[in-house]
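Observations on chain architecture
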Amino acid sequence: GADDYVTKPYRTLEIQQRLRNVLKLKAARDAVSEAQDHISVVDPLTHAGTQSQLHISLDYEFTRAVRYKHPLSCVVVRCSNYDALVAQLGGSAPELVLGPIASVLKGGIRNVDHLFRADNNELAVLLPETAVEGARIVVARLRGLLAEPALFAVGIAPRVVVASASYPKVKVSDGDALWRNARRALLA
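Residues numbered from 1 in each chain as written. Predicted model: local features only at pLDDT ≥ 70, side-chain atom pairs only at ≥ 80, totals over all residues. Heavy atoms only, no water.

Some details on the environment of V161
When you line up the elements, V161 lands in strand β4 (residues 160-167). Classification of V161 as partly exposed rests on a relative accessible area of 29%. The spatial distance from the C-alpha of V161 to the C-alpha of L145 is 12 Å, given a sequence separation of 16 residues. Setting aside its immediate chain neighbours within four residues, V161 contacts V76, V77, R78 and L186. (Helix = DSSP H or I, 4+ residues; strand = E, 2+ residues; numbered from the N terminus. Buried < 20%, exposed > 50% of the residue type's maximum accessible area, 1.4 Å probe, protein only. Contact = heavy atoms within 4.5 Å.)

Rendered as structure tokens:
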């Protein structure tokens with residue numbers, strides 16, 4: 001596990017220089033490791049893409065949809081009483097609430113669909129080449145799966161709402177606007 005070594009006879013200046021080099025190398029490795037932690041593309045709790053990945057994928061999928069004249073849908077799933085659950089459960093709320101929701105979503109979508117953690121209490125699913133009717137079917141399926149009583153631990157009752165928006169039905173200029181429309185649909 002050594003990074004360097006010195007043979008006999010050695011000089012003090014040589015040892016000092018080699019120590020400096022090893023310390024610089026360690027600092028560089030630490031900086032790379034820290035940078036990789038900040039650029040994570042997977043949310044550690046839900047194992048879904050991160051919010052930054054959501055925006056990149058929205059841009060990419062929307063560009064593809066426009067170019068090839070394909071539909072694109074975005075489904076948003078939110079735990080509307082998340083703050084109350086955090087107050088009730090404390091630090092274990094994310095694992096007990098968002099973990100099961102993400103697992104259900106992964107099981108309820110196709111392999112070509114993309115799941116992201118969009119916010120503390122919200123997940124988003126991109127459905128490439130899926131029009132309004134297909135998105136309605138997915139929303140209905142996800143609502144049914146999320147209503148399963150055995151999904152959450154005893155005493156936990158999250159209120160999960162699901163809504164969607166579909167391009168070209170919704171006239172938007174970019175993927176982020178499609179996502180914002182789906183989020184607004186949650187309030188309707």
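Let's talk about empty space enclosed by the protein
Across all of its chains, the model carries one cavity of 30 Å³ or more by this definition. E61, R64, A65, H70, P71, L72, P128 and E129 are the residues that line the largest cavity. The biggest single contributor to the lining of the largest cavity is helix α2 (residues 51-68), with three residues. By residue class, the composition of the lining of the largest cavity is four nonpolar, one polar and three charged. (1 Å grid on protein atoms, 1.4 Å probe; cavity = no way out; pocket = protein on both sides within 12 Å on 5 of 7 lines; lining within 4 Å. Points joined across faces, edges and corners; volume = space filled by probe spheres on them. Nonpolar A, V, L, I, M, F, W, Y, C, P; charged D, E, K, R; others polar.)

Examining unusual backbone geometry
Trans peptide bonds make up most of the peptide bonds, and negative phi angles are found at most residues other than glycine. Across the junction of K8 and P9, the peptide omega takes the value -15°, indicating a cis bond. Residue P168 is bonded to the preceding Y167 through a cis peptide linkage, with omega at 10°. With a phi close to 60°, H47 is a non-glycine residue in the positive phi region. Tracing the chain through its elements places H47 in the loop between α1 (12-38) and α2. With a phi close to 55°, K69 is a non-glycine residue in the positive phi region.

Shape descriptors only; they carry no functional weight alone.
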